[in-house]
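Coordinate inspection notes
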Amino acid sequence: MQPPIAPQATMALTTRQEQKISPFLEPGLQTKASSLAILQLSRDNLLPVYLQATAGEHDGYAEGVVVNTRYGSFPHSTMIGVPWGSQIRASKVDTGSRGRKRKRPTDDDPDAAATPQTANETEAPAESGTQAEDAGNATAGVKQAVAASSGFIHILPPTPEIWTMSLPHRTQVVYTPDYSYILHRIRARPGSVVIEAGAGSGSFSHAAVRAVYNGYPSSTTTTGKRKGKVFSYEYHEQRFHKMQKEIVEHGLEGLVHLTHRDVYNDGFLVDGGRSPGADAIFLDLPAPWEALPKLSRRKPESIPGDEEWVSPLNFKKSVYICTFSPCIEQVTRTVSALRRLGWVDIDMVEIANRKLHTVRDRVGLHLPVDRGVNNTPKDVDEAITRLAEIEDRFREHARLAKGAADEDVTDLAPPPGGQNSSKKAMNDVNGKEGYHSWVDGRLVTRGEPEIKTHTSYLVFAILPREWTEEDEAAALARYPVGSEQLHPVVGSLDKAARKKERRELLQKQGNRKARRKERAEKLLGEP
Amino acid sequence: MHSTIRPNAWVALKLPAGMHRVLQVAPNTTISLGKYGSFPANLIIGRPYHLTFEIQDRQPGEAPRLRVVSPSELHAEALADEASPGCATPTGPGSSEAAVISAVTTGEEFSLVETESGNVVARSNAEQLLDETARQTLTQDEIEALKRGDGTNAGKDVIEKLLLSHTALDQKTSFSLAKYKLLKTKKYIRRFQVLPIDVPNFANWQLEERDASKVLDMRAEMIGLVGCWANVHYGGEEVFLEDPQATTEEGEEKLPAIQEEQLRGRWLVVDDTCGALVAAMAERMGVLHPEESDSDSEEGQGGEEEGTKAMTTGEDAEDSDTEMAEAQDPTPSEPTGDATPADAANPKPRKPRASDFAIPFSQTNTITVIHSASQPNLSFLNYWGFDITSPCHLPHPLLNHLLNLTWLQLLKPELDTSYFTPPLVADAETLAGWKPSRRGNFHRKRRRWARIRHIVDSTRAGNFSGLVCASTMDPISILKHTLPLLAGGAPVAIYSPTIEPLAQLADCFSVSRRTAWTSGSVAEVINKSAEELERWPGTDDFPLNPSLLLGTSIQTSRARRWQVLPGRTHPLMTERGGAEGYVFTAWRAKPAEGRVEAKGKFKRRKTEAGAVTVGAEAAAGVVKAETGDAAVEPEA
Ligand SMILES: C[S@@+](CC[C@H](N)C(=O)[O-])C[C@H]1O[C@@H](n2cnc3c(N)ncnc32)[C@H](O)[C@@H]1O
């Protein structure tokens, strides 16, 4: 199921592709054993799982490793070697030696653990073909799973977005609306080197590594383009270890370099004093201003001592930063520190993200009684018709009753159905009189019941590259000034000058070039 | 991105008022910034981005000069405010403006700035201030104070009053001086900053200052969301199909076959933003900006160059070509440079000459644009030196990574002449007898045929890693034809300036539609094969097969910008309005065949005594929501 290697690709690549490329970066077309997959149990219920091909009974299940959910039981064997996005049916699992008395996972339904005898319906074993192929040696000892009559999940390839929704939280994390904007603004691109602190739960790290990824660093070829990398720092020991484990499990070794470190005091250099050469920085720390001096190009006054200063930044490029702080006081201190340390283009924003749901607003007296239907008049006309009917009936009734006691007046206007209608009826209305719950009613959108109104303030800034007198002298020598008079002025020309210039150009260079010039000028536009 | 401003690069010059001027920096030209002055382009070429330059007055007989304004100078005011104790009241006593007054000397200018918005409401210099009316309204003492450059608040207040009277603001509005801030500036601040034209800068400029409708009002937040949700990223080392070495006598049979297993990291795009969306994707995939080698820092950075020249042949070729382009005194407005043989588009096989049927496109890390006109409109890519209409092109990463085809070629290739007409063939002798121009034409046609074939066939092979749209077309119609082309689990991200098209799209995947579909109660669906259902043609009730997408969702994001100044931190008072912008996201599902029912057995465990079983009807198989969610909701 691993795509065969292109003829041009080297052997070195082959080995890597087989075991190393992260499922986050290249999931392939199908799920594979010993790799991360995300089970979508329901809309927002996502469960990360490392798929395991087992050679025999596992934990009492004859089918090998089984995921038990409230939607049924899912042996890993039914989820390996299937296309990503597959809908997976629940299986009737064989508890075998497991025994009925053992404590089951809380969410599980005892009845799902059907005994082998009941699993004799003719339904084909789910995905047995691919399973046999991929589980390989496993098939011998593992019982083939038998699909249950109901219950299913979907299996998705891991992406930073899905991971962020499903990851085991150890801290506050940065969610997609924030990190998507941050990575865009700090120019995290293939080949960039990003510094991130603290790593926390690794939500941002996963998004950052996807953004900068342009191949794994290779030990054989040290030439060519610079490889993107994330340098991440975390001082909380357990979080550091957990995250380090994840980096390995997710195949991100060599792409995320995690350091156990207090960055306020010990800065960002790696491997005993080497500069990461960062192009972009993201600080999600309680006190970013404590870390900022360490992110200078030259030794800032606030740092004592006279050892040689090694900057963790890329000395050849402008460096982009974003700090992420929930409180305005933190922003004030951060911005002040940025100004003192020579950062420019300081900009602060806050991201407000909203999710919207679509619903069919079904209102009307004519609509059948159904869940979610509001059987009240849909407009004034319907209300009037209805009222007039009632009046009619009332008069009719009064006429018939003719002075009799009014004991049954309350029957005149039975309340429009709803509360007293049976559930059976509610589920069978589709199709009646051309009614379909999915096309009737007005399509509207509405927000979620609860919205996040504040995540954090995002402070952005840029630190231009150093530019010395010598640099300037060299540039001046390379691009001397003085021959400008021979060339047109660009920028704001008045119309007449522009026309004249174009005429001259047409004569000089012939039509083809001029047409192209015109096209380019259109881009430039009139000032 | 390059670390320094390269000759002929497109840049944005940020002017003091916050506006940008976008232009190409042609060497040996003069760049004019209108009233801010002009300067030789060569003074910024080879310099770093993001420095702030100040145009210096030109002394007779001297070369024009730019001064680099230091960050401490740029932040002087804010830092001074911070240092002063009463920083919360900008015009209050002890604020740094006191010092300002002492300098009513030559060439200085005062401006009154509205503290909230930062707008300059009045500007004047000292000489002008002391005009006749001023002399009438001021006492002799005040005038003296002003002339002396008296550093008292009295002097400052006088200036403020005068400035306001100049604009007649004081008569129209009841104003409080505290609303304004007095600034001393040079006559015009002739400062500017050079920003690179990358996607964030370009998109902002297009949105805020040019024509937002061209990019469908797509804000930075949306570009970020679409890119992430569609999982757009570097799609792997480039892989090329082998040159079949087809002779001119060989036709169709010699075209290299698509090798499906090689096709990886490919994104499908529908772009009605003139290429802004494609540029954003290309930037995320590392194929927008020409490769930056370490030797980029040629401008005398000494030792660091050594040992970095070893690059792949492709990059090497590219680099030397760029050098060439620089050397030959380029014409200002020619982003794509001059003609080089089209084969230069194919940097990898630098063999003697690629045959007509050699496929120049990488099989990985590609963007496939489907367009509705016969040519795609990707004109904004010109800002990055890529011109899709140019037959001959300098090397550019997009050449091997951007594929385009029309909807007709995708869906009805048999109706497309260039796809359908078999390639021209001719034996070597005939060919030799032709005029060079005719021969050239012959080869061009064969090459074009091979490319179109390859693009159409590989696109129709499907298994795309994701779909991205920002289109004026109905998203339902787009998905109808593109969903079958997506790999399982592949994300879909569709941007729309307005919510309505996306709401209609999301409605195609509503719970009730999916439930009806999967429960087997839709007559048309029964007995259809999985393949047929993937290519569901659409009906009124089911415009799309609702089981082909998972986790459909619509969202919007907005960045609220703040002013952060000592004692005056608050959100901006106004921002750009117009279209909000929304993003629809989902993942491609591979539905199981046959009728599938949700399990829906839910128990409230260990709650209070007499725990209720919620969704009992679900257990009876009545509710068949695709996700169990619908069944969990207790029915009141
Ligand atoms: C809010 S969390 C970061 C969450 C992360 N951005 C994510 O998306 O998952 C902040 C982390 O910074 C770490 N931290 C705080 N101060 C630190 C320091 N001085 N050096 C290194 N890490 C630090 C904390 O332990 C914590 O895990």
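Residues numbered from 1 in each chain as written. Chains lettered and ligands numbered in written order. Predicted model: local features only at pLDDT ≥ 70, side-chain atom pairs only at ≥ 80, totals over all residues. Heavy atoms only, no water.

Right, let's talk about the overall build of chain B for a bit. Along the backbone of chain B there are 23 helices and 18 strands. Within chain B, buried positions represent 56% of all 636 residues. Long-range pairs, those at least 24 residues apart, make up 72% of the contacts in chain B with a sequence separation of at least 6. When the accessible surface of chain B is totalled, it reaches about 26,200 Å², and 52% of it is carbon and sulfur. (Helix = DSSP H or I, 4+ residues; strand = E, 2+ residues; numbered from the N terminus. Buried < 20%, exposed > 50% of the residue type's maximum accessible area, 1.4 Å probe, protein only. Contact = heavy atoms within 4.5 Å. Areas by Shrake-Rupley, 256 points an atom, 1.4 Å probe, with all protein chains shown as cover.)

All names here are of chain B. The strand order across the open sheet built from five strands is 2-1-10-5-6, with neighbouring strands paired in antiparallel fashion. Every interior strand has two partners, whereas the edge strands, strand 2 (20-24) and strand 6 (66-69), have only one. Sheet twist, expressed as the average angle between the axes of neighbouring strands with direction ignored, equals 35 degrees. As judged from the four bridges shared by strand 1 (residues 10-14) and strand 10 (residues 191-196), these two strands associate in the antiparallel manner. Across the sheet, residue Lys-14 finds its bridge partner in strand 10, namely Gln-193. (Pairing = 2+ DSSP bridges. Axes fitted to C-alpha atoms, helices over the stretch in contact; angles between N-to-C directions.)

Looking now at the site of the ligand. All names here are of chain A. Taken together, 22 residues sit near the ligand, with Glu-234, Arg-239, Asp-262, Val-263 and Asp-284 positioned nearest. At a separation of 2.7 Å, an oxygen atom of the ligand approaches a polar side-chain atom of Arg-239. In isolation the ligand exposes 600 Å². Once the protein is present, 93% of that is buried. A per-class count over the shell around the ligand returns nine nonpolar, eight polar and five charged. (Near = heavy atom within 4 Å. Polar contact = N/O pair within 3.5 Å; in protein donor to acceptor, adjacent residues only side chain to side chain. Nonpolar A, V, L, I, M, F, W, Y, C, P; charged D, E, K, R; others polar.)

Here we take up the confidence of the model for chain A. All names here are of chain A. Per-chain confidence: chain A averages 80 in pLDDT, with 72% of residues scoring 70 or above. A low-confidence stretch, residues 1-19 (pLDDT under 50), is modelled with 26 contacts involving residues beyond four sequence positions or located in other chains. Under a pLDDT of 50 for its full length, residues 412-426 has, in the predicted model, 17 contacts with residues more than four places off or in other chains. (pLDDT = per-residue confidence, 0-100.)

Moving on to the pattern of salt bridges. Within the structure shown, the criterion is met by 33 salt bridges over all chains. Glu-466 of chain A serves as the salt-bridge partner of Arg-298 of chain A, at 2.4 Å between the closest nitrogen and oxygen. Highlighted residues: Arg-298 of chain A in the loop between helix 8 (288-291) and strand 11 (319-325) and Glu-466 of chain A in the loop between strand 15 (457-463) and helix 12 (469-478), separated in sequence by 168 residues. Overall, Glu-466 of chain A belongs to the partly exposed group, its relative accessible area being 32%. Note that Arg-446 of chain B is salt-bridged to Asp-356 of chain B, the shortest N-O span being 3.1 Å. Pair noted here: Arg-446 of chain B is in helix 17 (residues 436-460) and Asp-356 of chain B is in the loop between helix 12 (313-327) and strand 12 (364-371), with a separation of 90 residues, a long-range link. You can call Asp-356 of chain B buried: its relative accessible area is 7%. Each of the salt bridges in this network shares a partner with another, and the network as a whole consists of Arg-187 and Arg-189 of chain A together with Asp-198 and Glu-283 of chain B. (Salt bridge = Lys/Arg side-chain N within 4 Å of Asp/Glu carboxyl O.)

Attention shifts here to helix 6 (residues 237-249) of chain A. Residue and element names in this part refer to chain A. The end-to-end C-alpha distance of helix 6 is 18 Å, a good match for the 18 Å that 13 residues give at a rise of 1.5 Å each. Those residues of helix 6 that fall on the buried side of the exposure criterion are Phe-240, Met-243, Glu-246 and Ile-247. Along helix 6, the residues classed as buried sweep out an arc of 130 degrees about the axis, all on the same side. The inward-facing, buried residues of helix 6 abut helix 3 (160-166), helix 5 (203-212), strand 8 (229-234) and strand 9 (256-260). The first or second residue beyond helix 6 is Gly-251, which carries a positive phi of 70 degrees. (Expected span 1.5 Å × (residues − 1). Arc of directions from axis to C-beta.)

Moving on: the confidence of the model for chain B. Residue and element names in this part refer to chain B. Looking at chain B, pLDDT values average 77 and 67% of them are 70 or higher. Confidence over residues 86-107 falls short of pLDDT 50; this stretch has 44 contacts with residues more than four positions distant or in other chains. Predicted confidence is poor over residues 601-636, with pLDDT under 50, and the contacts of this stretch with residues over four places away or in other chains come to 64 contacts. Interface scoring of the predicted complex returns ipTM 0.81; its pTM is 0.80.

For any two helices packed against each other, the geometry is given by the interaxial angle and the distance between the axes. All names here are of chain B. Packing of helix 18 (residues 475-482) against helix 19 (residues 500-507) leaves a shortest axis separation of 9 Å and a crossing angle of 45 degrees. If you check the angle between helix 18 and helix 19, you find them oblique. Between helix 18 and helix 19, the residues in contact are Pro-475, Ile-476 and Leu-479 and Pro-501, Leu-502, Gln-504 and Leu-505, respectively. Looking at side-chain class alone, the contact of helix 18 with helix 19 contains six nonpolar, one polar and no charged residues. (Parallel < 35°, antiparallel > 145°, perpendicular 65-115°, else oblique.)

Residue and element names in this part refer to chain A. According to the domain assignment, chain A consists of domain 1 (8-158), domain 2 (162-350) and domain 3 (363-447). Every contact between the two is made by 14 residues of domain 1 and, on the other side, 16 residues of domain 2. Counting each side, the surface lost to burial between domain 1 and domain 2 is near 1,400 Å², with a carbon and sulfur contribution of 71%. At the junction of domain 1 and domain 2, the tally comes to zero salt bridges. Elements represented by at least two residues in the side of domain 1 that touches domain 2 include exactly strand 1 (36-42) and strand 2 (45-50). Considering every element that reaches the side of domain 1 that touches domain 2, the biggest residue donor is strand 2, with three residues. Its residues assigned to classes, the side of domain 1 that touches domain 2 comprises eleven nonpolar, one polar and two charged. (Domains from an automatic or database assignment. Buried area = accessible area lost by both parts, 1.4 Å probe.)

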